[in-house]
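# Architecture at a glance
Spelled out from the first residue to the last, the chains are:
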Amino acid sequence: MKIVIQRVSKASVTINEEKVANIKNGLLILLGIVAEDTQEDINWLVRKTANLRIFNDENGVMNNSLLESNGDAIVVSQFTLQASTKKGNRPSYIKAAKPDIAITLYNNFVKTLENELGKKVQTGEFGADMKVELLNDGPVTIIIDSKNKE
C-alpha cells in the first residue's frame, strides 16, 4: 500500500461537476493498493499518517501532527500510484489491486483513519473520474510505502 500525503490549505474533489469532498487545513491522501495489502498495512499507514509531525506549531516549526492540529482529511483512491515504468513508455498497472480487493481495503483505510482521528474523513468515489483540486501548503508532499518501512 502506497500513499502520497499532501499538506493542504484547501482541497476538494469534484465528480461530474458536483463537489463531493471539500476541506480547509489538513491532508489530501492519495491511496494506491496492491492485492497483497492487508489490514496490517492499513493500521501502520494510518498511525503514521495521523501522527506525522508536518503541521506548524505556534513558532512556525513543523512539530504538530494531523491529530494535534485538528486538521481534516480527504482520501482518494489512485491505482496509478502502483504504476511500473520499468519497461517502455506506457506505464503498467498490473500490480494495482483489482476492484474486488481494492474497494474493501480502501473502505477499511478510510474507516481506520476515521477511528484514529475521531472524526469523519471525506473521500472521492472509488473508480470515478475525479477532478482533485488542492493548494499545497509549504509545499509539503510525502510518499509512504507500507512495504518499505525505513
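No experiment lies behind these values; they were computed from the predicted model shown. (Residues numbered from 1 in each chain as written. Predicted model: local features only at pLDDT ≥ 70, side-chain atom pairs only at ≥ 80, totals over all residues. Heavy atoms only, no water.)

### As for unusual backbone geometry
Looking along the chain, the bond that leaves Gly138 and enters Pro139 is cis, with omega of -5 degrees. When you line up the elements, Pro139 lands in strand E8 (residues 130–145). The backbone of Asn16 sits at a positive phi, close to 50 degrees, despite the residue not being glycine. If you trace the backbone, Asn16 turns up in the loop between strand E1 (2–15) and strand E2 (18–23). Positive phi is not limited to glycine here, since Glu17 has a value of about 65 degrees. For Glu17, the position within the fold is in the loop between E1 and E2. With relative accessibility at 82%, the residue Glu17 sits in the exposed group. (Helix = DSSP H or I, 4+ residues; strand = E, 2+ residues; numbered from the N terminus. Buried < 20%, exposed > 50% of the residue type's maximum accessible area, 1.4 Å probe, protein only.)

### Description of helix H3 (residues 99–117)
With 19 residues, H3 extends 26 Å from end C-alpha to end C-alpha; this agrees with the ideal 27 Å at 1.5 Å per step. Of all the residues in H3, the buried ones are Ala102, Leu105, Tyr106, Phe109, Val110, Thr112, Leu113, Glu114 and Leu117. In the core, the buried residues of H3 are packed alongside E1, strand E3 (26–32), helix H1 (39–51), helix H2 (66–69), strand E6 (72–77) and strand E7 (122–123). (Expected span 1.5 Å × (residues − 1). Contact = heavy atoms within 4.5 Å.)

### Let's talk about H1
Look at H1: 18 Å from first C-alpha to last across 13 residues, which is about the 18 Å you get at 1.5 Å a residue. Turning to H1, its buried residues are Asp41, Ile42, Trp44, Leu45, Val46, Thr49 and Ala50. A distance of 3.2 Å separates the backbone nitrogen of Glu40 from a side-chain oxygen at the start of H1, and that oxygen is part of Thr38. (Polar contact = N/O pair within 3.5 Å; in protein donor to acceptor, adjacent residues only side chain to side chain.)

### Observations concerning the packing of aromatic side chains
Ring pairs (aromatic) are described by centroid distance and by the angle formed between their planes. Evaluation of the coordinates by the stated rule reveals 2 aromatic pairs. Measuring from centroid to centroid gives 5.1 Å for Phe79 and Tyr93, while their planes differ by 75 degrees, and the two rings are edge-to-face. Note that Phe79 is positioned in the loop between E6 and H3 and Tyr93 in the loop between E6 and H3, a separation of 14 residues in sequence. Exposure remark for Tyr93: the relative accessible area of 32% places this residue in the partly exposed category. Judged by centre distance (5.9 Å) and plane angle (55 degrees), the ring pair of Tyr106 and Phe126 falls under tilted. Within this pair, whereas Tyr106 is found in helix H3, its partner Phe126 is found in the loop between E7 and E8, the two being separated by 20 residues in sequence. (Phe/Tyr/Trp six-rings, centres within 6.5 Å; stacked < 30°, edge-to-face > 60°.)

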